[in-house]
Amino acid sequence: RAGRGRYRLFETGMDDLLQRRRETEIDLRRALALKQFELNFQPFLDLSDDRCIGFEALLRWKHPVRGYIPPLEFISLAEENGLIVKIGEWVLRTACQEAATWPGEIIVAVNVSPIQFKADTLLDTVMSALKRSGLSAHRLEIEITEGALLDDTDNVLRTLAALRDIGVKISMDDFGTGYSSLSYLQKFPFNKIKIDRSFIANANADSEAILRAVAGLGASLGMAITAEGVETAEQLARIRDERCTHVQGYLTGRPMAAHLVADFLTRPDQ
Ligand code: C2E
Ligand code: CA
Ligand code: CA
């Protein structure tokens with residue numbers, strides 16, 4: 001209304017946001033066909049010998065005008081409109097293809113959205129990605145968040161069990177950030193727990209106690225424990241003390257383009 005400038009300003013801001021979202025969605029629908037997606041790979045190391053045992057595939061969208069758009073800015077949108085299913089298929093196929101060119105037993109870890117489980121095609125997608133690439137199943141790790149186990153749990157558990165049966169490893173990602181992390185550990189025998197970066201970054205007594213408890217829990221459940229987001233030597237020393245089994249973070253390796261993986265693996269410290 002005239003004279004209510006503050007209201008008008010607020011609404012205009014909302015419009016802009018909505019408009020930008022609509023534009024992003026239109027662009028996102030075309031991004032696959034236009035080959036605008038890329039994968040980066042971030043190494044994770046086994047703390048028993050500090051050697052790289054695998055890489056997590058991280059999605060990048062190279063927008064023709066806006067440049068690289070980080071996943072946090074488009075994945076939730078892709079989940080809302082269902083595009084994540086097709087995008088996720090591309091990620092799985094591409095990640096397996098890349099990993100098939102890596103030496104030895106190096107693993108690739110792939111993030112899978114809860115929506116991909118609901119689509120009911122995940123098992124087929126994984127099996128065809130493995131078959132087409134020739135990658136053996138034990139070199140593929142699937143990372144899921146607690147969100148995947150929120151509803152339709154029986155279906156999700158069946159799919160996870162089927163994946164495990166063909167040899168794929170299953171990790172619980174972002175552990176500790178959800179609503180009832182502990183109860184999920186009881187529902188499925190995960191191979192690995194990835195402790196969220198927030199527990200590593202905050203060096204206070206509480207996060208340290210949580211780190212210690214989760215690492216102990218993982219050990220007794222026979223699960224590996226990855227500390228995520230390790231950026232400093234101090235943090236690395238701390239997670240060693242707390243008996244984490246794996247590390248992933250900027251300190252031990254940033255996400256890198258696919259063509260740099262081979263070089264990383266032949267570094268003298270590897
Ligand atoms: P995530 O699965 O927890 O992946 C780790 C994120 O932490 C990555 O951000 C990585 O670049 C970042 N990171 C790694 N080490 C450090 C560190 O030492 N310090 C800091 N500050 N950050 C670190 P990125 O690549 O922006 O991905 C964000 C999130 O987007 C991922 O979190 C994941 O939830 C999602 N995502 C990425 N790729 C995919 C995908 O292909 N499919 C799905 N569904 N989600 C994806
Ligand atoms: Ca992840
Ligand atoms: Ca994570």
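Each remark here, short or long, concerns the structure printed above.
Quantities reported herein were computed from a predicted structural model and do not represent experimental measurements.

1. What about the pattern of salt bridges?
Counted by the stated rule, this structure contains 13 salt bridges. K192 is the salt-bridge partner of E141, the closest N and O atoms lying 3.0 Å from each other. Separated by 51 residues along the polypeptide, E141 in strand β5 (residues 140-144) and K192 in strand β7 (residues 192-195) bring together distant segments of the chain. In this structure, E228 engages K194 in a salt bridge whose closest nitrogen and oxygen atoms are separated by 3.9 Å.

2. Digging into the coordination of the calcium ion (ligand 3)
Surrounding the calcium ion (ligand 3) are the protein donor atoms D173 (OD), D174 (OD), E228 (OE) and E228 (OE), which sit 2.2 to 2.4 Å from the metal. Each donor residue of the calcium ion (ligand 3) lies on one chain, and together they are spaced D-D-x53-E. Between the calcium ion (ligand 3) and the calcium ion (ligand 2), a separation of 4.0 Å is found, and both are coordinated by D173. Of this pair, D173 sits in strand β6 (residues 169-175) while E228 sits in strand β8 (residues 224-228), and the two are 55 residues apart along the sequence. Exposure class is identical for D173 and E228. Each is buried.

3. Quick look at the coordination of the calcium ion (ligand 2)
Around a metal, the idealised angle for a tetrahedral arrangement of four donor atoms is 109.5 degrees; for an octahedral arrangement of six donor atoms it is 90 or 180 degrees. Protein coordination at the calcium ion (ligand 2): the donors are E56 (OE), N111 (OD1), E143 (OE) and D173 (OD), at 2.1 to 2.3 Å from the metal. Binding-site remark: the calcium ion (ligand 2) is held by donors from one chain whose sequence spacing is E-x54-N-x31-E-x29-D.

What counts, and at which threshold
- Residues numbered from 1 in each chain as written.
- Chains lettered and ligands numbered in written order.
- Predicted model: local features only at pLDDT ≥ 70, side-chain atom pairs only at ≥ 80, totals over all residues.
- Heavy atoms only, no water.
- Salt bridge = Lys/Arg side-chain N within 4 Å of Asp/Glu carboxyl O.
- Helix = DSSP H or I, 4+ residues; strand = E, 2+ residues; numbered from the N terminus.
- Donors = N, O, S within 2.8 Å, 3.2 Å for Na, K, Ca; no water.
- Buried < 20%, exposed > 50% of the residue type's maximum accessible area, 1.4 Å probe, protein only.

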